[in-house]
Amino acid sequence: MFLHVSHCGRYIRSVMSRNSAIVARLEQRAQEADRIISHLRSQLKDLKNATVSNNGGREVSRLQAENAQLQAEVERALKRLVALETSHGVIQIPYPRPLTSQAGNQQGSEVSVQKPDPVAPDTTEAAEKAKPAPKKAKIEKKADQKEKKVGGPSMPTEEPSITQVDLRIGRIVDVKKHPDADTLYLEQIDIGEGSPRTVVSGLVKHVPMEEMQDRLVIMCCNLKPAKMRGVLSQAMVMCAATDDKVEILLPPEGVVPGDRVSCDGYALGDDFPPQMNPKKKIFEQIKPHLKTDANKVACYKGSPFKVEGKGLCVAPTLADANVR
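Computed from a predicted model, the values in this text were never measured in an experiment.

Basis of the calculations
Residues numbered from 1 in each chain as written. Predicted model: local features only at pLDDT ≥ 70, side-chain atom pairs only at ≥ 80, totals over all residues. Heavy atoms only, no water. Phe/Tyr/Trp six-rings, centres within 6.5 Å; stacked < 30°, edge-to-face > 60°. Helix = DSSP H or I, 4+ residues; strand = E, 2+ residues; numbered from the N terminus. Buried < 20%, exposed > 50% of the residue type's maximum accessible area, 1.4 Å probe, protein only.

A few words on the packing of aromatic side chains. Scanning the entire structure with this criterion turns up one aromatic pair. The interplanar angle of 70 degrees and the centroid separation of 5.1 Å between the aromatic rings of Y266 and Y300 together place this pair among those described as edge-to-face. You can see Y266 sitting in the loop between β12 (262-263) and α5 (282-286) and its partner Y300 sitting in strand β14 (residues 298-300), a full 34 residues away along the chain. Owing to a relative accessible area of 1%, Y300 belongs among the buried residues under this scheme.

Moving on to unusual backbone geometry. Most peptide bonds adopt trans geometry, and most residues besides glycine take a negative phi value. In this structure, K281 takes a positive phi of about 50 degrees despite not being glycine. Here K281 is to be found in the loop between β12 and α5. A residue is classified by how much of its surface remains accessible, and K281, at 46% relative accessible area, is partly exposed. Within the chain, D320 stands out as a residue other than glycine whose phi angle is a positive 55 degrees. Along the chain, D320 falls in the loop between β16 (311-312) and β17 (322-323). Judged by relative accessible area, which is 60%, D320 ranks as exposed.

And the structure:
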């Protein structure tokens, strides 16, 4: 069966009418719900404000009570301090009370905080007691020492002497060229110590090797050992020298390794240092006074080198030459 067209139209209008009524009721209820929510929000806000206000008032009251309690404790402590100081003889000086400071709380109320009177103790007596006594004796002693230092005679500086140089006779028991230097000899020299010393000498251009072997020489034995091209030299062969010629000094006949060399007028002792201090430059100060005389005799300040009871030390040919 088929419905008539007019019946269909009425049916549709009826459905739409019912739906419109439902929509209208829903809109009305939504508006009522909005009003209720707005009212509830307003009440909630008022409730929060009231709670905060009550809590703030209670907090201010609590702080005021604590402040009053602390102020009372400070006053009591101050009174005890004044009593103790007075009993120990400290004079109390009145001090003007500072102005009262005020602090406002959230509700506009004012809280007065009164500072206690500070006490200014009399520190004059304590300062006098703490002041150190002048160290008169110490000051006078320093003054005396200063006067002695300024006005006293200066101690003479001892001039280095040939007596500080250990000069001995040595025998070259072995000689060869230095492995790392063409102008240097590497020698083993017996100076009467039981074992020979290693000595490096720059004599290759001046003395043939065959003249070096088994030769008796005069040695300076207490120089500080020094490395020469990697080899530690433990003594020095004494020579006469000019600008273009070098000769080994000749000891007298009959000497043996270990014999001491001395100078007339300078006592030969055993008090010379085993090694001259290079900082004092002892040998450097003595060297200008070491020369051969007109007779080719090696001298210190004109006093000849000698081996006691055996003779003088001379250069083969060089007169008026430096000795080094």
